[in-house]
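If you want the building blocks of each chain, they are given just below.
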Amino acid sequence: MISKKMTDALNLQINKELYSAYLYLAMSAHAQDIGLKGFANWFFIQVQEEMSHAQKIYNYVFEQNQKVILDEIKKPPAEFESPMDMFQKTLEHEQFVTKSINGLVALAREENDYATEIFLQWFVTEQIEEEGNDNEIIDKLKYIGDNGNGLLMLDKELGVRTFVAPAVTAE
Ligand code: FEO
């Protein structure tokens, strides 16, 4: 049993995860459009990661015998200045998601909702990894600067990323 307030907060988090998927799909489309297929692949994999995050919370809400209510997903931007711009925006967005997850953990503690606090631990750890990945790519892009060959090498590297599906059950 989880509270109505927690259910609402988890439903809002589902919306944020779905928006994340939509934002990264827009970035993937932009990268594809400018011929950076490796970047497009990286963001496309990220879309699948975000969908699995949304599904994980979706399943948890139902496991707690509450109802998932979906809200409107806002429109993502269509244009990005550069690969660096895309990754800086990705990092900023992930920092926003991290704050949101931390807020859910704080609410779970306030309500003595140990089940949700334990459930959210997976997301706390996931956010460390997500921000870490973005920072690593931003560092590489700083070294590359205006070097076209460097950018193409990174594009190749990002092109081999594959999706490893996490368990989407609540555990
Ligand atoms: Fe679902 Fe990228 O956090």
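Remember, it's a predicted structure, so these values are computed and weren't measured experimentally.

Caption draft 1: Structural context of helix α1 (residues 4-33). Over its 30 residues, α1 extends 43 Å from the first C-alpha to the last, a length consistent with the 44 Å expected when each residue adds 1.5 Å. Where α1 begins, the capping side chain belongs to Ser3, and its oxygen is found 3.4 Å from the backbone nitrogen of Lys5. Positive backbone phi, at 85°, marks Gly35, one or two positions downstream of α1.

Caption draft 2: Representation of the nonpolar core within the structure. In terms of nonpolar packing, the biggest core is built from 23 residues, with Phe39 and Phe87 touching the most fellow members. Going through the elements one at a time, α1, α2 (37-63), α3 (83-110), α4 (114-144) and α5 (148-158) are the ones with two or more residues in this core. It is α1 that provides the largest number of residues to this core, a total of 6 residues. In this structure, Phe87 is in contact with Phe39, Trp42, Phe43, Asp134, Ile137, Ile138, Leu141 and Leu158, ignoring residues within four places of it in sequence. Listed in part, the 20 residues of the second largest apolar core include Met6, Ala9, Val105 and Phe119.

Rules behind the numbers
- Residues numbered from 1 in each chain as written.
- Predicted model: local features only at pLDDT ≥ 70, side-chain atom pairs only at ≥ 80, totals over all residues.
- Heavy atoms only, no water.
- Helix = DSSP H or I, 4+ residues; strand = E, 2+ residues; numbered from the N terminus.
- Expected span 1.5 Å × (residues − 1).
- Polar contact = N/O pair within 3.5 Å; in protein donor to acceptor, adjacent residues only side chain to side chain.
- Core = buried A, V, L, I, M, F, W, Y, C linked by side-chain atoms within 4.5 Å.
- Buried < 20%, exposed > 50% of the residue type's maximum accessible area, 1.4 Å probe, protein only.
- Contact = heavy atoms within 4.5 Å.

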